[in-house]
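Now for the letters of each chain:
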Amino acid sequence: MKIAIIGTGYVGLVTGACFAEFGHEVTCIDIDESKISLLQQKQVPIYEPGLDMLVRKNLDARRLRFTTDFVPGIPEAQVVFIAVGTPASRRGDGYADLSYVYDAARRLAPHLEGYTVVVNKSTVPIGTARQVARILSEVNPEADFHVASNPEFLREGAAINDFMRPDRVVLGVDSPRAEEVLKAMYRPLYLIETPFVITNIETAELIKYAANAFLATKISFINEIANLCEEVGADVQGVAKGMGLDGRIGRKFLHAGPGYGGSCFPKDTQALLRIAQEHGVACRIVESVVEVNAAQKARMVRKIRKALGGDEAGKTVAVLGLSFKPETDDIRDAPSITILSTLLEHGAAIRAHDPQAVEEARKVLPQATYCSDPYEACRGADAVVLMTEWNEYRALDLDRVKSLLKEPVFIDLRNVYKLPSMKEAGFRYYSVGRPCVGDGLVG
Ligand code: UGA
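These numbers come from a predicted model, not from an experiment.

A. Seen up close, the environment of L108. If you trace the backbone, L108 turns up in helix α5 (residues 99–108). With 161 residues separating them in the primary sequence, L108 and T269 have C-alpha atoms 30 Å apart.

Dropping the structure here:
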């Protein structure tokens, strides 16, 4: 099958490479010439494990091509995906900015030939697919097409696996013909018995927001429980395990930490609130989820301050991990940015390490010193903060860390280390929702 994808950002690129791997002929289109020329030279502009290999392999097999031209990719495609960005609107009101989606629709419309299914892959407010249909018909009244919604559930860092072995595929369609085309496109997943949720377009659009808001809810919930654990002397990892073993609750997404970040949860929870508000519906739980997440980052600053003896001014803090989660160089809405900006504002010096995100972080936090390895970051610092749980921080040489620090203070915002081993290593150890080690205090 011939597929065209507009937008070679994170979602478009992963989707394109994976469909090519399924054996389809995929044309990826982007207006960004420098990005397309990099991709044509088999260079992938983002860090995502396994993606560069997939892009190279399918370029070599000629199942994948990158271009800035809509022709011949669009006219020959049976399915055209719109996978452009939907950033938060510049007005700062929580709405998603749909101008890229509508612009893509306007530009692709004149090139539609034969029957085509135009699929929204971007996360978009309810009603967007119908608006895309209106634009396509307006610009090209002759076009023979249906629109559909096929939200993506890829996690950064695990995107290839999430695409190839998804928990489910959601297809929002309002025509049997479009449904047949999309089912044929996803046939490889039918063969591995992936559940398909085939529903109307509005339901598919809302599933994406509801799923992300629910996952964010689990995180804010466990973060509040973690805060309570610190006060009553309980251990949040035990609480999460005890709760999560109940099949109705599930163990995933109950890791307490510095709050969720990234390009999805913060933006999508805000957008869901706006959509609900527009329709006059209360969404109090999601409202609280957003507030709790902001409060959690502020709480982490207070935790670090307390560990530094009550004041960060003039202190040096080593920071391990800057990306919003491991296996990505993405720092969008990362808790590290809010937390470190506050510490810097209050006169702390930062020595930071991250396996992938330094280049991005440098643009946002130019005042920090960036180090080439975690031990270098610890040299001469008053405390070390483990901010993102990259694998390379899971088995640090603790004696070496301790010998490099001015004070043996370890603040683990991801609960990576076990309390007894930190006690044995002689650290004052603070984590999230677990008793503190080494200073007799809780939290
Ligand atoms: C999320 C969803 O998991 C994907 O299903 C969805 O497709 C994607 O958003 C999207 O809308 O495009 P992603 O943002 O890549 O994926 O990252 P997650 O793995 O979900 O993590 C999000 C944040 O939550 C991270 O900051 C992570 O550290 C935090 N988190 C996650 C916790 O603090 N605790 C947990 O238990 C799990």
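B. The nonpolar core, seen in detail. Within the largest apolar cluster, 44 residues are counted, with the highest numbers of intra-cluster contacts made by F19, F66, L182 and Y186. Examining the composition of this core, we find that eight residues originate from one element, helix α1 (residues 10–21), more than from any other. Excluding its chain neighbours within four sequence positions, the residues that come into contact with F66 are T8, L13, C28, I36, L39, Q40, V55 and L59. Counting residues in each nonpolar core, the second largest holds 41 residues, with A240, Y370, A383 and V432 among its members.

C. The arrangement of the packing of aromatic side chains in detail. All chains considered together, the criterion is met by twelve aromatic pairs. When the ring of F410 is compared with that of F427, the centres are 5.5 Å apart and the planes differ by 80 degrees; the resulting orientation is edge-to-face. With F410 in strand β13 (residues 409–412) and F427 in the loop between α18 (419–424) and β14 (428–430), the pair connects residues that are 17 residues apart, well separated along the chain. Summarising the burial analysis for this pair, F410 and F427 share the class buried. Residues F410 and Y429 carry aromatic rings whose centres are separated by 5.9 Å and whose planes lie at 55 degrees to one another, so their mutual orientation is tilted. One end of the pair, F410, is in strand β13; the other, Y429, is in strand β14, with 19 residues separating them in the sequence. The class of F410 is buried, set by a relative accessible area of 0%. For Y429, a relative accessible area of 0% puts it in the buried group. Ring-pair connections join several aromatic residues into one group, and the members of that group are F19, F22, F81, F163, Y186, Y190 and F196. Above the plane of the ring of F153 lies R168, whose end atom (NZ or CZ) is 3.6 Å from the centre.

D. Geometry of empty space enclosed by the protein. Inspection of the entire model under this criterion finds one cavity of 30 Å³ or more. Size it by volume and the largest cavity reaches roughly 50 Å³. The wall of the largest cavity is formed by N120, S122, T123, V124, S149, P151, A204, E205 and K208. For the lining of the largest cavity, the leading source of residues is helix α10 (residues 201–232), giving three residues. For the lining of the largest cavity, the residue count by class is three nonpolar, four polar and two charged.

E. Quick peek at the side chain of T123. Mapped onto the elements of the fold, T123 is located in the loop between β5 (116–120) and α6 (128–139). The contacts of T123, once residues within four sequence positions are left out, are T86, K208, Y209 and D268.

F. Region of interest: α1. Its twelve residues give α1 an end-to-end C-alpha distance of 17 Å, which sits within 8% of 16 Å, the value for a rise of 1.5 Å per residue. With eleven of twelve residues buried, α1 is to be regarded as a mostly interior element. Taken as a whole, α1 has its buried residues at Y10, V11, G12, L13, V14, T15, G16, A17, C18, F19 and A20. Positive backbone phi, approximately 110 degrees, marks G23, located one or two places after α1.

G. Expanded view of the pattern of salt bridges. In total, this model carries 24 salt bridges according to the counting rule given. Three or more residues are tied together by salt bridges with common partners; here these are E230, E231, R299 and K303.

H. Focus on the pairing of strand β1 (residues 2–6). The buried fraction of β1 amounts to four of the five residues, a majority that puts the element mostly inside the structure. The sheet contact formed by β1 and strand β2 (residues 25–29) spans five bridges and is parallel. Across the sheet, the residue bridging to I3 is V26, located in β2. Where the polypeptide runs from β1 across α1 and back to β2, its parallel neighbour, the crossover connection is right-handed.

I. The layout of surface pockets, seen in detail. For the second largest pocket, the calculated volume is near 1,400 Å³. If you go around the second largest pocket, you meet 47 residues; those closest to its centre are G9, Y10, K35, G85 and R332. Here the lining of the second largest pocket spans two domains, since at least three of its residues come from each of domain 1 (2–199) and domain 2 (296–430).

J. Examining unusual backbone geometry more closely. Looking along the chain, the bond that leaves V71 and enters P72 is cis, with omega of 10 degrees. Looking at where P72 falls in the secondary structure, it is placed in the loop between β3 (64–67) and α4 (73–76). For E327, which is not glycine, the phi dihedral falls at a positive 65 degrees. Secondary-structure assignment places E327 in the loop between β9 (316–320) and α14 (335–345). E327 sits in the partly exposed class, given a relative accessible area of 26%. Here N415, not a glycine, exhibits a phi torsion of approximately 50 degrees, which is positive. For N415, the position within the fold is in the loop between β13 and α18.

Thresholds applied
- Residues numbered from 1 in each chain as written.
- Predicted model: local features only at pLDDT ≥ 70, side-chain atom pairs only at ≥ 80, totals over all residues.
- Heavy atoms only, no water.
- Helix = DSSP H or I, 4+ residues; strand = E, 2+ residues; numbered from the N terminus.
- Core = buried A, V, L, I, M, F, W, Y, C linked by side-chain atoms within 4.5 Å.
- Buried < 20%, exposed > 50% of the residue type's maximum accessible area, 1.4 Å probe, protein only.
- Contact = heavy atoms within 4.5 Å.
- Phe/Tyr/Trp six-rings, centres within 6.5 Å; stacked < 30°, edge-to-face > 60°.
- Lys NZ or Arg CZ within 6 Å of the ring centre and 35° of its normal.
- 1 Å grid on protein atoms, 1.4 Å probe; cavity = no way out; pocket = protein on both sides within 12 Å on 5 of 7 lines; lining within 4 Å.
- Points joined across faces, edges and corners; volume = space filled by probe spheres on them.
- Nonpolar A, V, L, I, M, F, W, Y, C, P; charged D, E, K, R; others polar.
- Expected span 1.5 Å × (residues − 1).
- Salt bridge = Lys/Arg side-chain N within 4 Å of Asp/Glu carboxyl O.
- Pairing = 2+ DSSP bridges.
- Right-handed = clockwise from strand over helix to strand, strands pointing away.
- Domains from an automatic or database assignment.

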